[in-house]
Amino acid sequence: MIFEKYLIPDEMVERFECVTPEHLLAMGKTYIICDIDNTLATYDDPEPPENVVAWCRNMNEKGVTVAFVSNNDEERVARFNRNFGYVAYANSHKPGTKKLKLAMRDLGAAVDNAVLLGDQLLTDAAAAKSAGLYCMIVPPIKDKRNLFFRFKRWIEKPYVRKYKKIHCK
């Protein structure tokens, strides 16, 4: 497959809570750049749910710095980030890497000590891999069911199968 280099994540986990600071630190990763929608919360959650707040707090307490990079608009990202005050970029145009690189610069992170956590291969994984970041993917929390999203998930299926073939023996 032509796009394997960009669309096969380094790791797939069941949900964001499965990503622990201990796991990240054991890999030498001290920064986690997170997508918001369908990764940490649904599109319907204007504020971070309590489990997200607790997870972020735990990351920080254990030495992992959290940031947000989202394709959603400024209002959504600012509202979600309001009580955190993290480095956060909206309108990131992933799979483009510009906002990821800006976030890494603002954090003082490098590709060898940072991770991107997202839910989409065509945006999050492609951006992470293009930027040289370790990529972790979770299944979407509550996927949109419109034709566009169904088509994107259909395109992702062979890459998910390839990931499983490589990593789930």
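It should be emphasised that the depicted structure is a prediction, and the values quoted were computed from it without experimental measurement. (Residues numbered from 1 in each chain as written. Predicted model: local features only at pLDDT ≥ 70, side-chain atom pairs only at ≥ 80, totals over all residues. Heavy atoms only, no water.)

A. Structural detail: the nonpolar core. Counting residues in hydrophobic clusters, the biggest one holds 26 residues, and the most contacted among them are Val 19, Ile 32, Leu 40, Trp 55, Phe 68 and Leu 117. Each residue touching Leu 40, except ones within four places of it in the same chain, is listed here: Phe 16, Cys 34, Asp 35, Val 52, Trp 55, Phe 68, Phe 80, Leu 117 and Ile 141. Counting residues in hydrophobic clusters, the runner-up holds 22 residues, among them Ala 67, Leu 116, Ala 126 and Cys 135. (Core = buried A, V, L, I, M, F, W, Y, C linked by side-chain atoms within 4.5 Å. Buried < 20%, exposed > 50% of the residue type's maximum accessible area, 1.4 Å probe, protein only. Contact = heavy atoms within 4.5 Å.)

B. Structural context of helix α4 (residues 74-81). Taken as a whole, α4 has its buried residues at Arg 76, Val 77, Phe 80 and Asn 81. Seen end-on, α4 carries its buried residues on one side only, within an arc spanning 115°. Between the side-chain oxygen at the start of α4 and the backbone nitrogen of Glu 75 there is a gap of 3.2 Å, and the oxygen is on Asp 73. (Helix = DSSP H or I, 4+ residues; strand = E, 2+ residues; numbered from the N terminus. Arc of directions from axis to C-beta. Polar contact = N/O pair within 3.5 Å; in protein donor to acceptor, adjacent residues only side chain to side chain.)

C. View of unusual backbone geometry. Residues Lys 94 and Pro 95 are joined by a peptide bond in cis, for which omega reads 25°. Relative to the elements of secondary structure, Pro 95 occurs in the loop between β4 (88-89) and α5 (98-107). Positioned with a positive phi, Asn 91 is a non-glycine residue whose angle comes to about 45°. Following the sequence through the fold, Asn 91 ends up in the loop between β4 and α5.

D. Quick peek at the packing of aromatic side chains. In the structure shown here, the tally under the stated rule is five aromatic pairs. With centroids separated by 5.3 Å and ring planes inclined at 85°, the aromatic side chains of Phe 16 and Trp 55 adopt a geometry described as edge-to-face. Here Trp 55 lies in helix α3 (residues 50-61) and Phe 16 lies in the loop between β1 (11-12) and α2 (21-26), a separation of 39 residues in the sequence. Aromatic side chains Phe 68 and Tyr 86 sit 5.5 Å apart centroid to centroid with 55° between the ring planes, which places their arrangement in the tilted category. Here Phe 68 is found in strand β3 (residues 65-69), whereas its partner Tyr 86 is found in the loop between α4 and β4, with 18 residues between them in sequence. Grouping residues by exposure puts Phe 68 and Tyr 86 together as buried. Through successive ring pairs, a cluster of aromatic residues spans Phe 68, Phe 80, Phe 84 and Tyr 86. (Phe/Tyr/Trp six-rings, centres within 6.5 Å; stacked < 30°, edge-to-face > 60°.)

E. Main features of the pairing of strand β5 (residues 114-118). Of all five residues in β5, five are buried, a share of seventy percent or more. Burial of the side chains of β5 extends over both faces: Ala 114, Leu 116 and Gly 118 are buried on one face and Val 115 and Leu 117 on the other. Here strand β2 (residues 31-34) pairs with β5 via four bridges, running parallel. Across the sheet, Ile 33 pairs through a bridge with Leu 116, a residue of β5. Two elements, β5 and strand β6 (residues 134-137), share four bridges in a ladder whose sense is parallel. (Pairing = 2+ DSSP bridges.)

F. Expanded view of the sheet that holds β4. Pairing within the open sheet is parallel, and its six strands lie in the order β1-β6-β5-β2-β3-β4. The strands lining the two open edges of the sheet, one partner per strand, are β1 and β4. Where β3 lies against β4, two bridges are found, and the strand directions are parallel. In the sheet register, Phe 68 faces β4, and the bridge partner there is Ala 88. In the packing of helix α6 (residues 121-131) onto the sheet, the strands contacted are β5 and β6, and the crossing angle to β6 comes to about 160°. (Axes fitted to C-alpha atoms, helices over the stretch in contact; angles between N-to-C directions.)

G. Quick look at α3. The end-to-end C-alpha distance of α3, which contains twelve residues, comes to 16 Å, matching closely the 16 Å that a straight helix rising 1.5 Å per residue would cover. Within the span of α3, buried status applies to Val 52, Trp 55, Cys 56 and Met 59. The arc that holds the buried residues of α3, viewed along the axis, is 95°, so those residues lie on one side. In α3, the exposed residues that point more than 90 degrees away from the buried face are Glu 50 and Glu 61. On the buried face of α3, the contacting elements are α2, β2, β3, α4 and β5. (Expected span 1.5 Å × (residues − 1).)

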